[in-house]
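As a plain string of letters, each chain reads:
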Amino acid sequence: HGYARCPFHNEKSPSFHLRGQRFHCFGCGQSGDVFDLVGQLFHLDNQATLKKLNADFNLQLPFDRPLTERDRRLAWEEARKRRAEMELVGRFESLVNRVYRLLAAYHRQLNDRLKEQPKTLDEISDGYAEALRKIDYVSYLLDELDSGEPQRQSFVIKEVAEHRELFSSTAA
């Protein structure tokens, strides 16, 4: 589910999480985007990181000549678009995280209800029955959110928004 052992410190269990275009280590706190990751992994400054990515991925960025006014204008426009895109991505990731926390809390609540197993059919509470009905679906939705794929995550967000009553407690 996007976890690995962190390349920035020694650890026994994975705490390095990849989600979308970002990374975060819950062990050492390192985080960032692909530029930060490459720069930190290879101990490069920003210029050297750009040159490495340019060479490794054959991006053909013009490092061998001075930038023209047109190059600067295009770069400025691209940077503005990228900032706007990153803002939207940040908002989307924030929404994904909020929905994930909501579903995770609900999943824990359903699990708690299932721990109180009835001895007879007459002892089945509404809460236990609800947990039996919903826990697999909520698990599926959590897996979809954890996939890191925006289309799958969007589906879950819409599902939760359109059917809030399915994810609220109906019985204590």
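(A) Seen up close, the overall build of the protein chain. Per the secondary structure count, the protein chain includes five helices and four strands. In terms of C-alpha radius of gyration, the protein chain reaches 23 Å, well past the compact-globule figure of 16 Å for 172 residues. The C-alpha extent of the protein chain, read off along each of the three principal axes, is 80 × 40 × 20 Å. Evaluated residue by residue, the protein chain yields a buried proportion of 26% over its 172 residues. Relative to all contacts within the protein chain whose residues are 6 or more apart in sequence, the contacts with residues 24 or more apart total 41%. Of the roughly 12,300 Å² of accessible surface on the protein chain, 53% is carried by carbon and sulfur atoms. The positive charge centre, built from 26 side chains, and the negative charge centre, built from 27, are 5 Å apart in the protein chain.

(B) Geometry of the sheet that holds strand S2 (residues 16–19). Strands sit in the order S1-S2-S3-S4 across an open sheet of four strands; the sheet is antiparallel. Both edges of this open sheet fall to strand S1 (3–4) and strand S4 (31–32), since each of them pairs with a single strand only. As defined by bridge partners, S1 adjoins S2 across two bridges and the pair is classed as antiparallel. Note on S2: the bridge partner recorded for Ala 4 is Phe 16.

(C) Expanded view of helix H4 (residues 126–146). Across its 21 residues, H4 extends 29 Å between first and last C-alpha, which sits within 8% of the 30 Å expected from 1.5 Å per residue. Bending of H4 peaks at approximately 40° at the position of Lys 134. Considering only its buried residues, H4 is in contact with S2, helix H3 (69–115) and helix H5 (150–162). Two residues or fewer past H4, Gly 148 is found with a positive phi of approximately 80°.

(D) Looking closely at the environment of Pro 118. Looking at the secondary structure, you find Pro 118 in the loop between H3 and H4. The sequence separation of Pro 118 and Gly 20 amounts to 98 residues, and the corresponding C-alpha distance is 43 Å. Contact partners of Pro 118, with chain neighbours within four places excluded, come to Glu 123, Ile 124 and Tyr 128.

(E) Local environment of helix H1 (residues 34–42). Those residues of H1 that sit buried are Leu 37, Val 38 and Gly 39. The secondary structure elements touched by the buried residues of H1 are S2, strand S3 (22–25) and helix H2 (46–56). Put simply, Asp 33 is the residue that caps the front of H1, since its side-chain oxygen is 3.1 Å from the backbone nitrogen of Phe 35. Following H1 by one or two positions, His 43 adopts a phi angle in the positive range, close to 55°.

(F) Local environment of a nonpolar patch on the surface. Side chains of Val 34, Phe 35, Leu 50, Phe 57, Leu 59, Leu 61 and Phe 63 sit close together on the surface and give an oily, nonpolar patch of about 620 Å² of accessible area. Inspection of the secondary structure assignment puts Phe 63 in the loop between H2 and H3.

(G) Representation of the pattern of salt bridges in the model. With the rule as written, the count across this model stands at eight salt bridges. In this structure, Arg 152 engages Glu 144 in a salt bridge whose closest nitrogen and oxygen atoms are separated by 2.7 Å. When salt bridges that share partners are traced, they join Arg 113, Glu 130 and Lys 134 into one network.

(H) A look at the nonpolar core. Core analysis: the biggest nonpolar cluster contains 18 residues, and Val 99, Leu 103, Val 138, Val 156 and Phe 167 have the highest contact counts within it. Among the secondary structure elements, those contributing two or more residues to this core are H3, H4 and H5. Beyond its immediate sequence surroundings of up to four residues, Val 138 is in contact with Leu 103, Tyr 106, His 107, Leu 110 and Phe 167. Ranked by size, the runner-up nonpolar core spans five residues in total, among them Cys 6, Phe 16, Cys 25 and Leu 37.

Here is what the cut-offs are and how they apply
Residues numbered from 1 in each chain as written. Predicted model: local features only at pLDDT ≥ 70, side-chain atom pairs only at ≥ 80, totals over all residues. Heavy atoms only, no water. Helix = DSSP H or I, 4+ residues; strand = E, 2+ residues; numbered from the N terminus. Rg over C-alpha atoms; globule rule 2.2 N^0.38 Å. Buried < 20%, exposed > 50% of the residue type's maximum accessible area, 1.4 Å probe, protein only. Contact = heavy atoms within 4.5 Å. Areas by Shrake-Rupley, 256 points an atom, 1.4 Å probe, with all protein chains shown as cover. Lys, Arg positive; Asp, Glu negative; His and termini not counted. Charge placed at Lys NZ, Arg CZ, Asp CG, Glu CD. Pairing = 2+ DSSP bridges. Expected span 1.5 Å × (residues − 1). Bend = angle between axes of the 7 residues up to and from the residue. Polar contact = N/O pair within 3.5 Å; in protein donor to acceptor, adjacent residues only side chain to side chain. Patch = residues over 30% accessible without salt bridge, like charges linked within 9 Å, V, L, I, M, F, W, Y side chains within 5 Å. Salt bridge = Lys/Arg side-chain N within 4 Å of Asp/Glu carboxyl O. Core = buried A, V, L, I, M, F, W, Y, C linked by side-chain atoms within 4.5 Å.

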